[in-house]
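Listed below, chain by chain, are the residues.
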Amino acid sequence: MTAKPTRIFTPARIVALALVSLAALGLAYLHFGTGTDSVSVPSRAHAGQLKLHSCHYATENGSYRADCGTLVVRENRHEADSRLIALPVTRIRSRSAKPSVPIFRLQGGPGKTNMDFTPASRFADNHDVVLVGYRGVDGSSKLDCPEVTSAREHSRDFLTEKSFRADAAAFKACAHRLQDDGVDLAGYTLPERVDDLEAARRALGYQRIDLVSESVGTRTAMIYAWRYPQRIHRSVMIGVNPPGGFLWDAKTTGEQIDRYAALCVKDASCRSRTPDLAASLHSAYQRIPGHWWFLPIKKGIVKTGAFWGLVNATTDGGGPIAAPKTIDTLLSADRGDGSGAWLLSLMAQLIFPRQQLWGDAAAIGRSDAAYARRFFATHADRGSVIGSPGADFLWAGGRLLDSWPASPDENEYTHVQDSKVETLLIGGNLDFATPPQNATRELLPHLPNGHQVVLRNIGHSDDFWVYQPAASKRLINTFFDSGRVDRSLYMDNRVDFTPSTSQGTIAKIVLAVMLSFAALSVLSLLWMSLRVRRRGAFGRKASGALRSLYALLLGLGGWFVGVLIVLTALPSVPLQDELLAAFSAGAPIGLGTYLAWVNRDWSARTKATGFAAAAGGALVGAWLGFNVTSAAFGLLAPPLAIVGAAIGGNLLLLGLDIAWDRQVRDRFAATEGKETLETRLSTG
């Protein structure tokens, strides 16, 4: 029996195709249009060449006129025939007709870009602000190590010998791969980075420059002042990192804990929870619960996350792991409440493996190779409240020393040298990453024209930039313009030991959301299946809603089901795992889309074909959506997998519907009579 012809492009299908197309174009834009601008060596370029064009730079105070371009340098200046590499350069133009000495900005890290500096507007009223990309991070040659990222994402716990061995093997594999690809790792050192800055200074035509640096960037500023003292006008260093500062000994970390303990004694809320904060933190580190409800807690990851959480004292600087929140979590853990510890572990495992380019971290870290050998040989990471999880994590328990090749430059600046450059050292007295007493003791005596400002009750450089920005602007600009130290606008920060939203509270919210959406997804699929079985099919409007917006909820709930399974039973599977996202999001979306589309009375062959199309399209779409963005946006991948699954499942079913209607294909079971068949086709 030949079925009646039906209208192929109905209004509903046109709308559906338009929505699917828009969503697909959005994913395509994310893939092709939002990647970082590639930097390449221009044809016929020579070392020292700089080409600029007009552009604009976004700051915290709006867009500024700028010049953007590419600097060409030798990869290894020790080799005359070394290949050329390219580095991005941006000059944010001063709004003054007669600008003062230009400022070169040096970001911290290691393994982080030097091209992002939204506070540039604080200095651009009277100075050009220049950003020179870091070799190995921003340029045409990047020391990216997905091997290390993968090893750390698959780690059961960051601070075990098994994890250290896996990290070391990953660093070694990355180094070999980069060398096989033609990368000369001997060229990725701080002295080479300094010479890049000097090449940019010459190409821009500046006689002298000011430096504003932070954290690891201060080491670059030191070497610049030692290497080219006549070219530096004044230097401001925030969170000073002198030689040896890529390691955190337990004794100094203990001193920082004692500073928090002294503040705790003076704070009624903190004092009511513990008479001795240092002792309680030590106890908490020893008594981290193994589980929170049914969810395992990875103790080494908690210790690593807690160390970096203690680095910044303000919520604006440290975000969800700021020191007050982390201290609250540890005090709760000491009393058996593991909710905050679980969240801290979860956040650290999600964020830390992807927070840096690990090849650059290894290459720059080797500047302290001699210190690291003594550090791990003498067990300087032991004997304090929390030990030194930061050093253990960065150095893979010391195994990094034998996993990344040495450089001829790494022993050139292992000790502080005298410098007459006018220098201002700035630090927060609660800074765990670069404690200001290290700068006072090790660097300041070598600076006859040096000054130091220690800000009370703030932490690392992230705190500095967000805490009282008007005060920091006056402090730095006054020093650059006159050499005077003006901290008059600063007021002491008060550490709040009772955060309004604790990590434990957030953990409970996160778990409730995951369980709710997981249950919603499972129960919805059961309801949809029963609904089709009892009533035959969903109406047009209900089907459209279920296949579009509700499909996204099904995918989110399905992903949460997968996440809960992984967190509970598969500790070595990362939450950004490709198969986890593709299957846990694709399967419920494929099934839900099929149930919203199918008619109970269609033939078994029709239903089987539709199910295969919906499920296959959703799984493939989830995989494609997951891979839309680069590895740097790992946290964005699962949501995009959900969108991709919804696109894929619907697209294949729409294509199937159109193809069958073109063929005037009968979808119903052959057991029906002619009259029933024609009636159903006319109402379908």
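Because the structure is predicted, anything quoted here is derived from the model rather than measured.

Let's talk about unusual backbone geometry
Link 1 in the chain: Cis geometry is adopted by the peptide bond preceding proline 110, which originates at glycine 109 and carries an omega value of -5°.
Link 2 in the chain: Secondary-structure assignment places proline 110 in the loop between strand 4 (103-106) and strand 5 (129-132).
Link 3 in the chain: Although it is not a glycine, alanine 396 adopts a positive phi angle of roughly 50°.
Link 4 in the chain: Residues other than glycine seldom take positive phi values, yet glutamine 468 does so here, at roughly 50°.

Some remarks on the nonpolar core
Within soluble globular proteins, side chains that are nonpolar tend to cluster in buried spots.
Link 1 in the chain: In terms of nonpolar packing, the biggest core is built from 139 residues, with Phe104, Tyr260, Leu277, Trp342, Trp395, Trp404 and Phe497 touching the most fellow members.
Link 2 in the chain: At 8 residues, the largest contribution of residues to this core is made by helix 12 (residues 339-351).
Link 3 in the chain: Once residues lying within four places of it in the same chain are set aside, the contact partners of tyrosine 260 are Leu277, Leu310, Ala313, Ala323, Ile327, Leu430, Phe432, Val495 and Phe497.
Link 4 in the chain: With 31 residues, the next largest nonpolar core counts Ala124, Ile238, Val453 and Ile476 among its residues.

Points about the packing of helix 2 (residues 146-153) against helix 3 (residues 161-180)
Link 1 in the chain: Close contact between helix 2 and helix 3 brings their axes to 8 Å; oriented N to C, the two are set at 165°. Between helix 2 and helix 3, the angle falls in the class roughly antiparallel. The interaxial crossing formed by helix 2 with helix 3 has right-handed handedness. Side by side, helix 2 and helix 3 meet where Pro146, Glu147, Val148, Ala151 and Arg152 of the first sit next to Ala166, Asp167, Ala170, Phe171, Ala173, Cys174 and Arg177 of the second.
Link 2 in the chain: Taken together, the residues of the contact of helix 2 with helix 3 sort by class into 8 nonpolar, no polar and 4 charged.

What to know about helix 23 (residues 604-626)
Link 1 in the chain: Here helix 23 spans 33 Å end to end across 23 residues, near enough to the 33 Å set by a 1.5 Å rise per residue.
Link 2 in the chain: Buried-residue contacts for helix 23 involve helix 22 (578-597) and helix 24 (637-662).

Some thoughts on the packing of aromatic side chains
For any pair of aromatic rings, the description rests on two quantities: the centre-to-centre distance and the angle between the ring planes.
Link 1 in the chain: Within this structure, the stated rule accounts for 27 aromatic pairs.
Link 2 in the chain: Arranged with centres 5.5 Å apart and planes meeting at 80°, the rings of phenylalanine 117 and tryptophan 465 form a pair that is edge-to-face. Remark: tryptophan 465 occurs in helix 17 (residues 461-466) and phenylalanine 117 occurs in the loop between strand 4 and strand 5; sequence separation between them is 348 residues. By the burial criterion, phenylalanine 117 is buried, and tryptophan 465 matches it.
Link 3 in the chain: When the ring of phenylalanine 307 is compared with that of phenylalanine 432, the centres are 6.4 Å apart and the planes differ by 85°; the resulting orientation is edge-to-face. Placement of phenylalanine 307 in helix 9 (residues 299-309) and of phenylalanine 432 in the loop between strand 10 (422-428) and helix 16 (436-442) is noted, with a sequence separation of 125 residues between them. The exposure classification of phenylalanine 307 matches that of phenylalanine 432, with both residues buried.
Link 4 in the chain: Among the aromatic residues, those joined into a cluster by ring pairs are Trp248, Tyr260, Phe307, Trp308 and Phe432.
Link 5 in the chain: Here the basic side chain of arginine 152 rests over the ring of tryptophan 358, its NZ or CZ set 4.5 Å away from the ring centre.

Structural notes on the state of the cysteines
Link 1 in the chain: In total, this model carries 3 disulfides according to the counting rule given.
Link 2 in the chain: Residue cysteine 145 pairs covalently with cysteine 174 via a disulfide, S to S 1.9 Å. When the S-S torsion is -80°, as for the bridge of cysteine 145 with cysteine 174, the disulfide is left-handed. Of this pair, cysteine 145 sits in the loop between strand 5 and helix 2 while cysteine 174 sits in helix 3, and the two are 29 residues apart along the sequence.
Link 3 in the chain: When the cysteines of the chain that form disulfides are numbered from the N-terminus onward, they connect as 1-2, 3-4, 5-6.

Re the pattern of salt bridges
Link 1 in the chain: Evaluated as defined, the whole model comprises 32 salt bridges.
Link 2 in the chain: For glutamate 198, the salt bridge identified is with arginine 202, shortest N-O distance 3.8 Å. One end of the pair, glutamate 198, and the other, arginine 202, are both in helix 4 (residues 190-204), 4 residues apart, so they sit about a helical turn from each other.
Link 3 in the chain: The closest approach of N and O atoms between aspartate 267 and arginine 494, which form a salt bridge, is 3.3 Å. Of the two residues, aspartate 267 is situated in the loop between helix 6 (250-266) and helix 7 (268-273) and arginine 494 in the loop between helix 18 (469-482) and helix 19 (503-535); the sequence distance between them amounts to 227 residues.
Link 4 in the chain: Its relative accessible area of 8% is what places aspartate 267 among the buried residues.

Topic: the pairing of strand 2 (residues 62-74)
Link 1 in the chain: In this structure, strand 1 (residues 50-59) lies alongside strand 2, joined through 10 bridges in antiparallel fashion. Along strand 2, the bridge assignment pairs cysteine 55 with alanine 66.
Link 2 in the chain: Counting the residues that bridge the hairpin from strand 1 to strand 2 gives 2 residues.
Link 3 in the chain: Pairing geometry for strand 2 and strand 3 (residues 84-92), over 9 bridges, is antiparallel. The partner of cysteine 68 across the bridge, within strand 3, is threonine 90.

Focus: the environment of threonine 440
Link 1 in the chain: Note that threonine 440 resides in helix 16.
Link 2 in the chain: Remark: the alpha-carbon pair of threonine 440 and tryptophan 395, spanning 45 residues in sequence, is separated by 26 Å.
Link 3 in the chain: Other than its neighbours up to four places away in sequence, threonine 440 contacts Pro445 and Gln452.

Details of the side chain of threonine 90
Link 1 in the chain: Among the structural elements, threonine 90 can be located in strand 3.
Link 2 in the chain: Judged by relative accessible area, which is 7%, threonine 90 ranks as buried.
Link 3 in the chain: Residues contacting threonine 90, with those up to four places away along its chain left out, are Tyr57, Ala66, Asp67, Cys68, Met115, Val129, Val130 and Leu131.

Side note on the packing of helix 6 against helix 8 (residues 277-286)
Link 1 in the chain: Relative to each other, helix 6 and helix 8 sit at 125°, their axes nearing to 8 Å. On the basis of their axis angle, the class for helix 6 and helix 8 is oblique. Listed contacts from helix 8 to Ile257, Asp258, Tyr260, Ala261 and Cys264 of helix 6 are Leu277, Ala278 and Leu281.
Link 2 in the chain: The class makeup of the residues in the contact of helix 6 with helix 8 is 7 nonpolar, no polar and 1 charged.

Focus: helix 11 (residues 323-334)
Link 1 in the chain: Over its 12 residues, helix 11 extends 16 Å from the first C-alpha to the last, a length consistent with the 16 Å expected when each residue adds 1.5 Å.
Link 2 in the chain: Along helix 11, 12 of the 12 residues are buried, which leaves the element largely enclosed by surrounding structure.
Link 3 in the chain: Taken residue by residue, helix 11 has Ala323, Pro324, Lys325, Thr326, Ile327, Asp328, Thr329, Leu330, Leu331, Ser332, Ala333 and Asp334 as its buried positions.
Link 4 in the chain: Following helix 11 by one or two positions, glycine 336 adopts a phi angle in the positive range, close to 95°.

What counts and what doesn't
- Residues numbered from 1 in each chain as written.
- Predicted model: local features only at pLDDT ≥ 70, side-chain atom pairs only at ≥ 80, totals over all residues.
- Heavy atoms only, no water.
- Helix = DSSP H or I, 4+ residues; strand = E, 2+ residues; numbered from the N terminus.
- Core = buried A, V, L, I, M, F, W, Y, C linked by side-chain atoms within 4.5 Å.
- Buried < 20%, exposed > 50% of the residue type's maximum accessible area, 1.4 Å probe, protein only.
- Contact = heavy atoms within 4.5 Å.
- Axes fitted to C-alpha atoms, helices over the stretch in contact; angles between N-to-C directions.
- Parallel < 35°, antiparallel > 145°, perpendicular 65-115°, else oblique.
- Left-handed = near helix turned anticlockwise from the far one by under 90°.
- Nonpolar A, V, L, I, M, F, W, Y, C, P; charged D, E, K, R; others polar.
- Expected span 1.5 Å × (residues − 1).
- Phe/Tyr/Trp six-rings, centres within 6.5 Å; stacked < 30°, edge-to-face > 60°.
- Lys NZ or Arg CZ within 6 Å of the ring centre and 35° of its normal.
- Disulfide = S-S within 2.5 Å.
- Salt bridge = Lys/Arg side-chain N within 4 Å of Asp/Glu carboxyl O.
- Pairing = 2+ DSSP bridges.

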